[in-house]
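Chains, contacts and geometry: an overview
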Amino acid sequence: MSARPLSGPRVSAFATLASWRALLFLLLLSVIGPLQAEALTPMRPDRLPALAGTNSLTGIARIDGRAVAISADGAWSLEEGGRAWSPLRWPADVVPTQIVAVVQDGQRAYLLLSQGEDRAAMRVGQLSVNEGALAMQPLPSLPVALQEPRGALSAEAFYIAGKAGDGTTRLLQLRFDDERPHWAPLTVWPGGAPASSLVAQTRALFAVVPEAGGNDRMLRWSTDQGWTEAGRAPGRVVAGSGRATGQAHILYLVGDGADARAPAKFMTYQTITAGWATLPGAQTGATIATAAWPDGLVWAQAGTGGRGIAFATAQVQSSKLRLHWLDWVVIVVYLAGMIGIGLYFYLREKRNSTSNFFVGGRTIPFWAAGISLYAANTSSISFIAIPAKAFETNWQYMANNVIAVFGLMFVAVWIVPLLRRLDLMSVFSYLETRFHPSIRMLASALCVFVQIGSRMSVILFLPALAIATITGISVFWSVILMGGFTIVYTAMGGMKAVIWTDFVQVIVKMGGAIFAIGFMIWSLRGGFGEFWSTAMAQDKMHTFDFSFDLTKATVWGFIFLVLFEVVLTFPKDQVLMQRTLSTKSDREAGRSIWAFAAIMIPGGIIFYTIGTALFVYYKANPERMNPLLPIDATFPMFIAAELPVGVTGLIIAGIFAAAMATLSGIMNSVATLISVDFYEKLAKNRTPKKSVFFAELMTVVVGLVGIGTALLLSRFDIHSLFDVSIELAGLLGGGFAGAYTLGMFTRRANSPGVAIGIGASIVLTLVIWSFHLVHPYFYLAISILLCIVIGYLASLMFPAPTRSLEGLTIYGRKQAAAAAAAAAAAAEAEASRP
């Protein structure tokens, strides 16, 4: 029967109500929407003392916190905050008139010197200042003399471009990590015209090439793509003025291409979106030389009346964006809710049961366990680092989510039910039963180290970075705040608190993420059409790479990886397995994995869409970016600067939720491992009540150690924390994962062979890492494969296991009965203990 159409007054009332809602929504957004015409980071100008000792200048540099001016007449230094320039003595092997150029990046400085009067650079040396004198450490000489040289420095290499004697442009590279550093030729950009600026940024080299009668060309070089066009400058770039800032910006002085007398403006070039933004607050006239200053540039001009040299600086002024009181209310309500859940289960549950604390009394419904699995798997890495990765590149890593679903199907059918039937609390108990207690304790210790070292630290630091970016609270206090709240509710509530807070946290973080996507698309002038056309034109949603390049993240690599990372690694992941072990039966455990798999792809699409939407938004609004921030801070910056009041607090709560869901699981799981695999194995006169108290104490200790490692991590400038987490997990976490494969899928593996396999796989993977032989995404798979192959071959050198393997492998049909008998025997033994 068809539904009756609405008519008459009902239609009118419905239409009126919808119209009023739409109008109120638009008015709200128009009032609280972002002010997109305003630059977030103006320049702050300042002046340095003038230099009266010379009328010419070869270059400026900043060495060890002091400004150094170099000319054919001499060299001078200016201490930070100094009022006058001090003369410096020349090194004995440097003739001032032979200095052709100074290459610097604000920290290091190099001289390019000629060997004759042709002003062609041949010699290269690194400058330093020591006790009032310049010193130069020589580098290998250039293989060809270069006129009008331009140089660029990165952490890995030194680049020099210039015109050779035959009139052609040459580009040379010296890698600092070579055993015998030497200058190697690189392909020159198309056209081969001389460059006015050369800058290394975002693992690439950017060249500015002037063109007659038009704006300067921007070209980009990378090892995988070679030279590509990177757009046009909005004018004439002042020669030598470029300097890298943050992780994805270059600061230039840009003049008017039509009027050479017009002052030059400070502009940033965003290396990912190729967008140009003007930074207001400072301008320059005709410059003699420029150099990098802490957060900006220093430049030299002719002094008043043509006498001496005048110096001025301008730095990017970055201010913190404070939260509104309504945002704080939302955040406080969320945090209070998490503590409330922990307190509820603390008061409700009996504290003398290890089963309640470790596995929730095995009463968790499968759907709650599945959602909790997803929450644990989508940490702050997903909420911050994955959008940053999609913003910088594309959806290539999303292919891993798609392929992982097929791996989870195998896990749900074969692996999880097998382990759930054994009624374990620590997944490493399986290794003791299958092999030897020493294998169990070795694998458990490595797992504890990996969880604290490679996961907790990154998961704590990422949201702390976001909070510091948004609120101005230091990373230190942000880490303390995040870790402290998580410690409290996890220690109080145990596994039940972990799972049910996960359920709430998934709703909070996914709701905030979806709103952010919608807000970004709504803010574009062209709406969804602009979002889609820009993303497609820039290939930002490219997902599947079917190439066979082992240095890239390809589909074949992900298939290989999922086999090892999901199918073979899942059994050793205490954080995930502990949720499946908390279900009512082996069937419910398998269904929890199906629920997890069903959420994985749509959830992944949401996080990668955030990154794509950020790219399109900031391509259209480059002035809204902060050039000093790292790439991982892109989404937090958008949250702070663009979102409406109250919604900012909701999404910050989502960032909290993303981190705390994983942190609580790690704390509870690591505390479980320490209690079950070590305390209960070694302690004398233990009771269930003492075991629970020890687990609560270990939850606090693990949380504090995680806080400490996160604070240590915050002291390093890391390009992508997403990549770091992958590398550390692969280097340290793969060895003992292979032990499960040997135990479940073979009957011949034994404890001596497995121990050899674990040790050898870790050592060999570290060797592969040290030589950068493959993409870091392959480390985990290689480590597991090495453990399997070496462990099995080594097992052949020792006698085959003589104990019964019933219920411990995928072979046979008697696992359930054997497992039930073993569980009953264990329960009787536990009950008979004093």
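Everything here concerns the structure above.
Attention in this report is confined to the structure presented alongside it.

Definitions and limits used
Residues numbered from 1 in each chain as written. Predicted model: local features only at pLDDT ≥ 70, side-chain atom pairs only at ≥ 80, totals over all residues. Heavy atoms only, no water. Pairing = 2+ DSSP bridges. Helix = DSSP H or I, 4+ residues; strand = E, 2+ residues; numbered from the N terminus. Axes fitted to C-alpha atoms, helices over the stretch in contact; angles between N-to-C directions. Expected span 1.5 Å × (residues − 1). Bend = angle between axes of the 7 residues up to and from the residue. Buried < 20%, exposed > 50% of the residue type's maximum accessible area, 1.4 Å probe, protein only. Parallel < 35°, antiparallel > 145°, perpendicular 65-115°, else oblique. Left-handed = near helix turned anticlockwise from the far one by under 90°. Contact = heavy atoms within 4.5 Å. Nonpolar A, V, L, I, M, F, W, Y, C, P; charged D, E, K, R; others polar. Salt bridge = Lys/Arg side-chain N within 4 Å of Asp/Glu carboxyl O. Phe/Tyr/Trp six-rings, centres within 6.5 Å; stacked < 30°, edge-to-face > 60°.

Bringing the sheet that holds strand 15 (residues 204-209) into the picture now. The sheet built from four strands is open, its strands ordered 14-15-16-17 with antiparallel pairing. Strand pairing shows two members of the sheet lacking a second neighbour, strand 14 (197-201) and strand 17 (226-232), which therefore form its edges. When strand polarity is set aside, the average angle formed by the axes of neighbouring strands in this sheet is 25°. In terms of strand pairing, strand 16 (residues 217-222) meets strand 17 through five bridges, oriented antiparallel. If you follow R220 over to strand 17, its bridge partner there is T228.

In this section: helix 15 (residues 647-682). Along its 36 residues, helix 15 runs 50 Å from first to last C-alpha, staying within 8% of the 52 Å computed at 1.5 Å per residue. The principal kink in helix 15, of about 30°, is found at S675. In terms of burial, helix 15 is largely enclosed, as 32 of its 36 residues are buried.

This brings us to the sheet that holds strand 3 (residues 66-71). Here we have four strands laid out as an open sheet, ordered 2-3-4-5, and antiparallel in their pairing. Both edges of this open sheet fall to strand 2 (59-63) and strand 5 (86-88), since each of them pairs with a single strand only. Sheet twist, expressed as the average angle between the axes of neighbouring strands with direction ignored, equals 30°. Two strands pair when backbone bridges link them, and strand 4 (residues 74-78) and strand 5 are joined in this way by three bridges, in the antiparallel orientation. Across the sheet, the residue bridging to S77 is S86, located in strand 5.

The subject of this paragraph is unusual backbone geometry. Positive phi is not limited to glycine here, since D64 has a value of about 55°. Positionally, D64 belongs in the loop between strand 2 and strand 3. Residue D64 is classed as exposed on the basis of its relative accessible area of 59%. With phi around 60°, A274 is a residue other than glycine that occupies positive phi space. If you trace the backbone, A274 turns up in the loop between strand 21 (264-270) and strand 22 (276-284).

Axis separation between helix 4 (residues 366-377) and helix 9 (residues 475-523) bottoms out at 8 Å; the angle between their running directions is 60°. Between helix 4 and helix 9, the interaxial angle falls into the category oblique. When the axes of helix 4 and helix 9 are compared, the crossing they make is left-handed. Contact with helix 4, carried on its side by W367, A368, I371, S372, Y374 and A375, involves I499, W500, D502, F503, V506, K509 and M510 of helix 9 and no other residues of that element. Residue classes in the contact of helix 4 with helix 9 are distributed as 10 nonpolar, one polar and two charged.

Burial within strand 21 is extensive, with six of its seven residues counted as buried. Pairing analysis gives six bridges linking strand 20 (residues 249-255) to strand 21, with the strands arranged antiparallel. Residue Y252 lies in a different strand from strand 21, and its bridge partner there is M267. Both strand 21 and strand 22 contribute to a ladder of five bridges, which runs antiparallel. Counterpart to M267 in the pairing with strand 22 is T278. Here strand 21 hands over to strand 22 after five residues, with A274 in that stretch at a positive phi of 60°.

Okay, the pattern of salt bridges next. In total, this model carries 15 salt bridges according to the counting rule given. Residues R579 and D502 are paired through a salt bridge, measuring 2.9 Å at the closest nitrogen-oxygen approach. Of this pair, R579 sits in helix 12 (residues 574-580) while D502 sits in helix 9, placing them 77 residues apart in sequence. The class for R579 is buried, based on a relative accessible area of 0%. Because the salt bridges share partners, they merge into one network encompassing E211, R217, E229 and R232.

Moving on, we come to the packing of aromatic side chains. All told, the structure shown has 26 aromatic pairs when counted by the stated rule. Residues F266 and W299 carry aromatic rings whose centres are separated by 5.5 Å and whose planes lie at 55° to one another, so their mutual orientation is tilted. With a gap of 33 residues between them, F266 in strand 21 and W299 in strand 24 (residues 296-302) connect regions that are remote in the sequence. For F266, a relative accessible area of 0% translates into the label buried. A residue is classified by how much of its surface remains accessible, and W299, at 3% relative accessible area, is buried. For the ring pair F519 and F638, a centre distance of 6.4 Å and an interplane angle of 65° mean the geometry is edge-to-face. Taken together, the residues span a long stretch of sequence, with F519 in helix 9 and F638 in helix 14 (residues 634-642) at a distance of 119 residues. A relative accessible area of 3% means that F519 is categorised as buried. Residue F638 is classed as buried on the basis of its relative accessible area, which comes to 0%.

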